[in-house]
Amino acid sequence: MTATGRVRSTLIALASTVVFAVVAVLVITNAPGWPAVKQSFFNREVFRESLEVIPEAFVLNVKIFLVAEVFILVVALGIAILRSLPGPVFFPLRALAVVYADLFRGVPTILVIYLLGFGVPALQISGVPNDELFWGTVALILVYSAYVSEVYRAGIESVHPSQEAAARSLGLSQAKALRFVVLPQAVRRVVPPLLNDFIGLQKDTALVALLGPVEAFRQSQIEVASTFNYTPYVVTAIIFILLTIPLARLTDWLVARDRRRQLAAGGAR
Amino acid sequence: MRKLLTLLFLATLLGVAAGCGGDDDEPAADEATPTGAVDTGAAEPDPCAPEELTLVTDGTLTIGTDNPAFPPWFQDAEGAPWDPTTEPTQQGYEAAVAYAVAEELGFSDDEVEWVVVPFAASFRPGPKDFDFDINQISYVPARDEAVDFSDSYYDVEQAVVVLKNSEFASASSLADLADAKLGAQVGTTSYDAIVNTIQPDQDPSVYDRNDDAVNALRNGQIDGIVVDYPTSLFITAVQAPNATPVGRLPAEGQEYFGLVFEEGNPLRDCVNAAIASLRDSGALDEIAQEWIEGSAPPILE
C-alpha cells in the first residue's frame, strides 16, 4: 500500500469512529430517560463517595483471586495429566478426571459456592473449617480447575505424538518425556486461553459475597442501597475493568512474543 | 466503489441519529397528557374517588409485593408463605393493611389485583406496573429521591437473633455484643443498625437474603443476625427454632415501613389520608395486635 493510501485509510477509520461515537452519544443522551439514567448511574457525588470505600473492599477480591489462581494452576494440571495417562491400568483415574471436569463445569458456580459455603459447615464435622471465605475460595478453585484442566489437556493433545516418540527413543522415561518435552510446549500454547479463564475468575470472585464476606460488589450493593443510586455499580465495573485490561494486554504481548520466537526459529514447532 | 460504500455507511449512521433526534419529541408530548388529566381531576370535588384516580389499570387497585410473601406479613389459608400469583389473601399484617387501605379508598376486595415486585425492582427508576408496593420497605430520605413513600403503616424496631446455646444468648446490653460476628441482609436498615448502633469489633457479614443469614447463623458461621423485630419472630418460629431474639435495638430516629409509589404519583396523598384515618380509628393497632403479637424482648442499651 502506498503512503497516501495508508493516510487515507487511517483518515477514513478516524472519521468513521468519530461519527459512530457521536451517533452513539447523541442516541443515548437524547433518549427520553437520559436525565433519570444520568442521575441514577453517573452521579458525580456518589461516584466520589464510592471511591472511598469500594477500592478498599476490592482488596478482598484480589486476595481471593491470587490464592485461588495458584491452587487452580496446580490442581488443573494434575487433573489434565491424570486424564492423559495412557494404558488400561489408569482407566479409573482417567474416569475420575472426566467425571470431575463434567461435574464442576456443569454445575453453575453460584450453586457450588452455595452448596460448599453453607452445606459443608452445616455438617458440623469437628476439624473442618466453617469459615465462609475458605469455602468460597475452595468452590472457585474446584470450578475453575475443571475449566483450566480442559485447557491444559487441549495443550497436551496439541503436541504432536512424534514429539513424545522422539523423546522416548532418546531414552527418556514416559514421565520425563511428559515433564521435559510435552508439557513445556503444551503450556506455552495455552497461555492465552489460561489467562482468559483467569479474567473470568477475577470477576467470579464477586460470587463469594453470597456467603457473607464484603468484597467490592457487595460493598457497592451496600452503597447502592443506602443512596438508592446505581453509580457505585459503575465504579465497581470500572475497577474490575482496570484490573482486566492489563491482563488482556499481557496476554496479547505473550502471544506476539511467542509467535516472534517461533518465526525466528524458522517456523519450527 | 469503496469510497461510495463508506459514504453510504456514514449517511446511514447520520440518518439513524436524525431519526432518534426526532423520536424524543413524542414522549415529551405524552408526558403532558397525564399531567393535564390529573389537573382536571384535582379540580373535581373528590380527587380520591376511585374513578378520579390515575391507576395502572382503571377501576383496579394494583398492589405489588415480593414472591413469596412471608408471615407475619402475608400468609395463605394454611398459614404458609403466600404466593402473590395465586388466590389473594387477607391474612397477615401487610395483607390486612393493603385491603384496609383499599377499602378506605373505596375499592372492593374484588377490585384489588396483586403483582410480583422483587425488592430491588421496587426502586428502579422509571414507570411502575403497580399503584403501590407493600414489601416492608423502610423509609430512608435517600430512597425517597428515587420513589415516593407513604406515611408509616408500621413503625419498626430492629432485633438481634442469636442461637439459644451461644454465649450471646444472655446479652443484656449492646456492650455484650461487641465481640459478636453479626450478619444482616444487604441494603437493609438492619445492616445500618449493626454498623451504627451495635458497632461490633468484627466487620459484619452481609447476605443477599435473610435466609442466607439464617443459614450462616445455624451453621455457627456468625454469632447473630439483625433483622426487624417482626421478621425475627418468623425466623425463630419457623427457620431456626434453636435461635431466639435476645433483644431489640434502640430506635434510630423514626424508622418505619412505607408504601412505595412511582415518583410523583398523586395517589400517594389519597393513600396517606386513608392511613391516617385507619390510625385514628384504631384499626391499624388492631391489625398489629392480631398479626404481630408475642412478648417482645428488652431494648438493649
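Everything numeric here is computed off the predicted structure, so don't read it as measured data.

### Remarks on the overall build of chain A
Looking only at helices and strands, one finds 11 helices and 0 strands in chain A. Written out in order from the N terminus, the α and β elements of chain A read α-α-α-α-α-α-α-α-α-α-α. Counting across all 269 residues of chain A, residues that qualify as buried make up 30%. Partitioning the contacts of chain A with sequence separation of at least 6, the portion at a separation of at least 24 is 73%.

### Quick look at the overall build of chain B
For chain B, the helix and strand inventory stands at 8 helices and 10 strands. Burial analysis of chain B (301 residues in total) assigns 41% to the buried set. Here the analysis covers contacts within chain B between residues at least 6 apart in sequence; of these, 68% occur between residues at least 24 apart.

### A look at the interface of chain A and chain B
With 29 residues of chain A at the interface, the matching set in chain B holds 32 residues. Going through the elements one at a time, α1 (3-29), α2 (34-41), α5 (109-122) and α10 (216-227) of chain A are the ones with two or more residues in the side of chain A that touches chain B. The element best represented in the side of chain A that touches chain B is α1 of chain A, accounting for 7 residues. Looking at side-chain class alone, the side of chain A that touches chain B contains 18 nonpolar, 9 polar and 2 charged residues.

### Description of the environment of Val53 of chain A
All names here are of chain A. Turning to its location among the elements, Val53 is positioned in helix α3 (residues 44-84). The exposure class of Val53 is partly exposed, given the 17 C-beta atoms found within 10 Å. In the structure, Val53 is positioned 166 residues away from Gln219 in sequence and 7.5 Å away in space, judged by C-alpha atoms. The residues contacting Val53, other than those within four sequence positions of it, are Gln219 and Glu223.

### Considerations on helix α4 (residues 189-198) of chain B
Taken across its 10 residues, α4 of chain B has 7 buried, putting it largely inside the fold. Buried residues of α4 of chain B: Thr189, Ser190, Tyr191, Asp192, Ala193, Ile194 and Ile198 of chain B, and no others. Buried-residue contacts for α4 of chain B involve α10 of chain A together with β5 (158-163), β6 (182-185), β7 (205-207) and β8 (224-228) of chain B. Count one or two residues on from α4 of chain B and you reach Gln199 of chain B, which has phi positive near 50°.

### Brief notes about the nonpolar core
Membership of the largest hydrophobic core comes to 79 residues, with the highest contact counts inside it found for Tyr144 of chain A together with Val161 and Ile225 of chain B. Here the element with the most residues in this core is helix α6 (residues 132-158) of chain A; it accounts for 13 residues. In this structure, Val161 of chain B is in contact with Leu217, Gly224, Ile225, Val227, Ser232, Ile235, Thr236, Ala243, Thr244 and Pro245 of chain B, ignoring residues within four places of it in sequence. Counting 47 residues, the second largest nonpolar core, distinct from the first, contains Trp73, Val117, Ile134 and Val156 of chain B.

### As for the confidence of the model for chain A
In the predicted model, chain A carries a mean pLDDT of 90, and the fraction of residues at 70 or more is 98%. Within chain A, α6 of chain A carries the highest mean pLDDT (95), whereas α2 of chain A carries the lowest (87).

### Brief notes about the sheet that holds β8 of chain B
All names here are of chain B. Read across the sheet, 5 strands follow the order β7-β6-β8-β5-β9 without closing on themselves; strand pairing throughout is mixed. Unpaired on one side and paired on the other, β7 and β9 (243-248) mark the two borders of the sheet. Going across the sheet, the axis of each strand differs from the next one's by a mean of 30°, ignoring polarity. Sheet analysis places β5 next to β9, joined by 5 bridges and oriented antiparallel. Looking at β9, one finds that Val161 is bridged to Pro245. Packed onto the sheet, α4 meets β5, β6, β7 and β8 and runs at close to 145° relative to β6.

### Some details on the pairing of strand β1 (residues 61-65) of chain B
Residues and elements named next belong to chain B. Of all 5 residues in β1, 4 are buried, a share of seventy percent or more. Sheet analysis places β1 next to strand β2 (residues 112-116), joined by 5 bridges and oriented parallel. Directly across from Ile63, in β2, lies its bridge partner Trp114. Crossover connection from β1 via helix α3 (residues 93-105) to parallel β2: handedness right-handed. Here β1 runs beside strand β3 (residues 132-133); their pairing, made up of 2 bridges, is parallel. Directly across from Gly64, in β3, lies its bridge partner Asp133.

### A few points about the environment of Val46 of chain A
All names here are of chain A. Following the sequence through the fold, Val46 ends up in helix α3. Of the residues examined, Val46 has 24 C-beta atoms within 10 Å and is grouped as buried. On a C-alpha basis, the gap between Val46 and Tyr230 in space is 8.8 Å, while along the polypeptide they are 184 residues apart. In contact with Val46, other than residues within four places in its own chain, are Thr227, Asn229, Thr231 and Pro232.

### Side note on the packing of α5 of chain A against α6 of chain A
Each pair of packed helices can be described by the angle between their axes along with the distance between the axes. All names here are of chain A. The interhelical angle for the contact between α5 and α6, taken along N-to-C directions, is 140°, at an axis separation of 9 Å. For the pair α5 and α6, the crossing hand works out as right-handed. Only Glu132, Trp135, Gly136, Val138, Ala139, Leu142 and Val143 of α6 make contact with α5, whose side of the interface consists of Thr109, Val112, Ile113, Leu116, Gly117 and Val120. Within the contact of α5 with α6, the residues separate by chemical class into 9 nonpolar, 3 polar and 1 charged.

### Let's talk about the pairing of strand β10 (residues 256-262) of chain B
Residue and element names in this part refer to chain B. Most of β10 is tucked away, with 6 of its 7 residues classed as buried. The pairing of strand β4 (residues 147-155) with β10 spans 6 bridges and is classified as antiparallel. Looking at the pairing, Val147 lines up with Glu262 of β10.

Definitions and cut-offs
Residues numbered from 1 in each chain as written. Chains lettered and ligands numbered in written order. Predicted model: local features only at pLDDT ≥ 70, side-chain atom pairs only at ≥ 80, totals over all residues. Helix = DSSP H or I, 4+ residues; strand = E, 2+ residues; numbered from the N terminus. Buried ≥ 20, exposed ≤ 12 C-beta atoms within 10 Å, placed from the backbone. Contact = placed C-beta atoms within 7 Å. Nonpolar A, V, L, I, M, F, W, Y, C, P; charged D, E, K, R; others polar. Core = buried A, V, L, I, M, F, W, Y, C linked by C-beta atoms within 7 Å. pLDDT = per-residue confidence, 0-100. Pairing = 2+ DSSP bridges. Axes fitted to C-alpha atoms, helices over the stretch in contact; angles between N-to-C directions. Right-handed = clockwise from strand over helix to strand, strands pointing away. Left-handed = near helix turned anticlockwise from the far one by under 90°.

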